[in-house]
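# Architecture at a glance
Each chain is listed here by its residues.
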Amino acid sequence: MVLSKEQMLDMYRKMQLIREFEETVAKLFSQGQIPGFVHLYVGEEAVAVGVCSNLNDKDYIASTHRGHGHGIARGASVNKMMAEIFGKMDGYCKGKGGSMHIADVELGFLGANGIVGAGLPLAAGAAFANKYLNNNGVAVCFFGDGASNRATFHEALNLASIWKLPVIFVCENNMYGISMCQKRHQNIADVADRAVAYGIPGVSVDGNDLMAVYEATAEAVKRARAGDGPTLIECKTYRYRGHFEGDACVYRCEEEVNEWKKKCPIQRFAARLTEMNIASREELEAIHREVKEQIEQAVEFARQSPYPDVSELTTDVYCD
Ligand SMILES: Cc1ncc(C[n+]2csc(CCOP(=O)(O)OP(=O)(O)O)c2C)c(N)n1
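So, a few notes on the structure that sits alongside this text. As the structure is a computational prediction, the values presented were derived from the model and not from experiment. (Residues numbered from 1 in each chain as written. Predicted model: local features only at pLDDT ≥ 70, side-chain atom pairs only at ≥ 80, totals over all residues. Heavy atoms only, no water.)

### Structural notes on the pairing of strand β7 (residues 231-236)
Counted only if it meets this: Remark: exposure states derive from per-residue accessible area (1.4 Å probe, protein chains only) relative to the maximum for the residue type, with buried under 20%, exposed over 50%, and partly exposed in between. Working definition: helices are DSSP H or I runs of at least four residues, strands are E runs of at least two. Numbering for both runs from the N terminus. At least two DSSP bridges between two strands are needed for those strands to be called paired.
Within β7, five of the six residues are buried, which leaves it mostly tucked inside the rest of the structure. Bridge analysis of strand β3 (residues 167-173) against β7 gives six bridges, and the strand direction is parallel. Bridged to Ile-168 within β7 is Thr-231. Two strands pair when backbone bridges link them, and strand β6 (residues 202-206) and β7 are joined in this way by five bridges, in the parallel orientation. Considered in β7, the bridge of Asp-206 is made with Lys-236.

What follows is the structure, encoded as structure tokens:
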């Protein structure tokens with residue numbers, strides 16, 4: 001897989017942007033500056049970035065309740081995302097949706113989703129549309145190990161497999177569905193094994209290894225664009241934060257979290273870039289500084305934005 005220095009640094013920048021965005025949201029949330037619920041993606045950055053770096057503007061992604069990273073990897077505006085999380089008028093939904101309703105259809109980002117497993121049929125539908133329009137586009141669905149127990153998972157994989165839809169199902173196996181360890185909610189070690197039941201390829205990769213995710217996705221996208229149908233990719237990863245901000249995390253121990261922090265996808269990729277002489281430590285640090293500034297500006301943008309007016313209360317909320 002030959003990637004240019006520019007592409008690799010762009011992937012590094014995107015992972016840093018997700019991390020910085022999320023850590024900033026965590027801090028502001030703990031200070032009571034952000035309303036509602038937030039589910040953070042810290043630790044899982046290599047999945048969103050490794051997958052989305054394979055997509056073009058005809059492609060779609062469907063996300064989850066843990067969707068900020070997917071949006072950023074797809075190129076969504078961090079200003080508009082931050083304003084939405086703050087509940088402000090310049091946010092993606094004029095501040096009325098919050099963290100779990102960020103979408104940008106023009107970018108092919110079909111949205112975060114508070115309903116676990118709801119993205120799978122949406123992505124299958126988008127893939128169906130692309131196939132019908134014969135535009136060579138693919139659709140990707142991100143979902144968790146918990147979501148792979150839902151009927152929507154089985155229905156979407158079944159339809160996608162018989163209709164050979166250009167869709168890639170990306171399971172982010174972060175080992176937990178809320179407080180339930182995957183070992184206790186599934187009698188299999190690898191979610192990828194479920195692909196067998198639908199006669200499609202299923203691969204399990206190290207989800208903290210950016211290039212492993214990138215390469216598995218490249219292969220799946222190639223198959224999908226060639227008309228060979230869907231692939232299930234399982235990315236083994238871990239969320240550093242609790243299920244939601246404020247989660248006391250009593251279901252897992254400090255040692256486990258620390259072990260995973262040693263496998264940080266960003267540090268791993270940074271080490272790879274320096275070892276391969278693609279970038280120096282200084283170049284990477286400069287990118288990190290730029291990213292920090294970008295997020296500071298996003299927070300400022302969100303703070304300056306007004307709250308929606310009361311007259312906005314019922315607009316865009318219901319569909320006619
Ligand atoms: C249909 C539905 N059932 C239950 C819930 C409550 N719920 C929210 S997140 C979650 C667990 C999701 O776990 P997983 O799919 O593994 O994603 P992760 O949070 O690990 O990213 C559940 C059960 C929901 N939002 N929607």
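Continuing now.
### Examining the state of the cysteines
Rules: Disulfide assignment relies on a single distance test, namely cysteine sulfur atoms paired within 2.5 Å.
Using the criterion set out here, one finds zero disulfides in the structure. The thiol of Cys-141 is unpaired, and the distance to the nearest cysteine sulfur, on Cys-171, comes to 9.8 Å. Classification of Cys-141 as buried rests on a relative accessible area of 0%. In this model Cys-181 remains outside any disulfide bridge; the closest cysteine sulfur is found in Cys-253, 11 Å from its own. Among the residues examined, Cys-181 registers a relative accessible area of 16% and is labelled buried.

### What about the sheet that holds β6?
Across a sheet, strands are paired by hydrogen bonds formed along the backbone, either parallel or antiparallel in direction. Condition: For helices, the axis comes from a line fit to the C-alpha atoms of the stretch in contact; other axes are also lines fit to C-alpha atoms, and the angle between any two N-to-C directions lies between 0 and 180 degrees. In this analysis, two residues are considered to be in contact whenever any of their non-hydrogen atoms come within 4.5 Å of each other.
Here we have five strands laid out as an open sheet, ordered β1-β2-β3-β7-β6, and parallel in their pairing. Two strands close off the open sheet at either side, each with one partner strand: β1 (60-62) and β6. This sheet shows a mean twist of 20 degrees between the axes of neighbouring strands, independent of strand direction. Here helix α6 (residues 151-162) sits on the sheet and contacts β2 (139-144), β3 and β7; the angle it forms with β3, its principal contact strand, is near 150 degrees.

### Considering unusual backbone geometry
Backbone geometry at Asn-136 places phi at a positive 70 degrees, although glycine is not the residue there. Along the chain, Asn-136 turns up in the loop between α5 (119-133) and β2. Look at Asn-136 and you get partly exposed, because its relative accessible area is 45%. For Cys-249, which is not a glycine, the phi torsion comes out positive at approximately 60 degrees. Residue classification places Cys-249 among the buried residues on the basis of a relative accessible area of 17%.

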